[in-house]
Amino acid sequence: MMHPSNKFSAIWRTSQEVVVAYLDLLGTTAFYKKAAIEDQRDRLIHLIELVTCKVGGMSFPHDARPISEYLSCHIYADTAILIERHSGSLPDVVNQFVGAMLEIQYDLLRLDPPVLSQAIIIRGPIFAILGDQKPELLSQVQVNVVGGKTLIDCHQRLKGLPMGVYIDSALEREVGPDQIRFVPVAEQGGQDCEPGMFFV
């Protein structure tokens, strides 16, 4: 098994069975092929601004700890990911993540031109590596890495589905019944095309 090098100073976060919100922009490949590089950049700037705004508006415990003690936010390529720091660290995390994804998706649609997206809220293992900016080795390099099987699961489960926000059925009980209405994801035959998923 490989171990982190002593020369690489970073914050290593490995979380088991935490709630993850995954939002992916649609049509990025086609957009990149025809749009100017400045427009490509601005598309991601909009995503970053929306995600950071929604994270800042979430409800956190009333203490002096920073937001990073409750969740981490990562953006790579055209995907935004919110990760619960520890299981139970963020109050009402499923409701908050669902609400944030719905609001981000709505705001993306209001852009000119509108940007379509898919999102899913799921629980699973995930890791993050946040580079420490102080050591000389990383003084000129920014490191922010996120990975794990859960990201693959998110990508695979959204394949072939239309724009929308989806949630794993295992999280259904963690959402107040009066707050969100779930619609089972089904295909023409009436069977779940991905067992245990709901459209929010």
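Each remark here, short or long, concerns the structure printed above.
Residues numbered from 1 in each chain as written. Predicted model: local features only at pLDDT ≥ 70, side-chain atom pairs only at ≥ 80, totals over all residues. Heavy atoms only, no water.

1. Observations regarding the nonpolar core
- Core analysis: the biggest nonpolar cluster contains 31 residues, and F97, M101 and I121 have the highest contact counts within it.
- With 8 residues, helix α3 (residues 93-109) is the single largest residue contributor to this core.
- Counting 14 residues, the second-largest nonpolar core is a separate cluster that includes Y22, I81, L151 and L161. (Core = buried A, V, L, I, M, F, W, Y, C linked by side-chain atoms within 4.5 Å. Buried < 20%, exposed > 50% of the residue type's maximum accessible area, 1.4 Å probe, protein only. Helix = DSSP H or I, 4+ residues; strand = E, 2+ residues; numbered from the N terminus.)

2. Some remarks on helix α2 (residues 37-56)
- When the terminal C-alpha atoms of α2 are compared, their 29 Å separation across 20 residues agrees well with the 28 Å that a helix rising 1.5 Å per residue should span.
- Within α2 the residues assigned to the buried category are Q40, R43, L44, L47, L50, V51, K54 and V55. Buried residues of α2, seen end-on, are gathered within an arc of 135° and therefore sit on one face of the element. Residues I37 and G56 are exposed on α2 and point more than 90 degrees away from its buried face. (Expected span 1.5 Å × (residues − 1). Arc of directions from axis to C-beta.)

3. Some details on unusual backbone geometry
- D112 connects to P113 through a cis peptide bond whose omega is 0°.
- When you line up the elements, P113 lands in the loop between α3 and β4 (117-131).
- Notably, E17 is not glycine yet its phi reads approximately 55°, a positive angle.
- Among the structural elements, E17 can be located in strand β1 (residues 10-25).
- Residue class for E17 comes out partly exposed when judged on its relative accessible area of 41%.
- The phi angle at D92 is positive, at roughly 55°, despite the residue not being glycine.
- Of note, D92 is situated in the loop between β3 (79-84) and α3.

4. Observations regarding empty space enclosed by the protein
- Counted according to the given criterion, the structure contains 1 cavity of 30 Å³ or more.
- Its volume calculated, the largest cavity comes out at about 60 Å³.
- Lining the largest cavity are R13, S15, S72, I83, E84, R85, I126, F127 and A128.
- Going through the elements one at a time, β1, β3 and β4 are the ones with two or more residues in the lining of the largest cavity.
- With 3 residues, β4 is the single largest residue contributor to the lining of the largest cavity. (1 Å grid on protein atoms, 1.4 Å probe; cavity = no way out; pocket = protein on both sides within 12 Å on 5 of 7 lines; lining within 4 Å. Points joined across faces, edges and corners; volume = space filled by probe spheres on them.)

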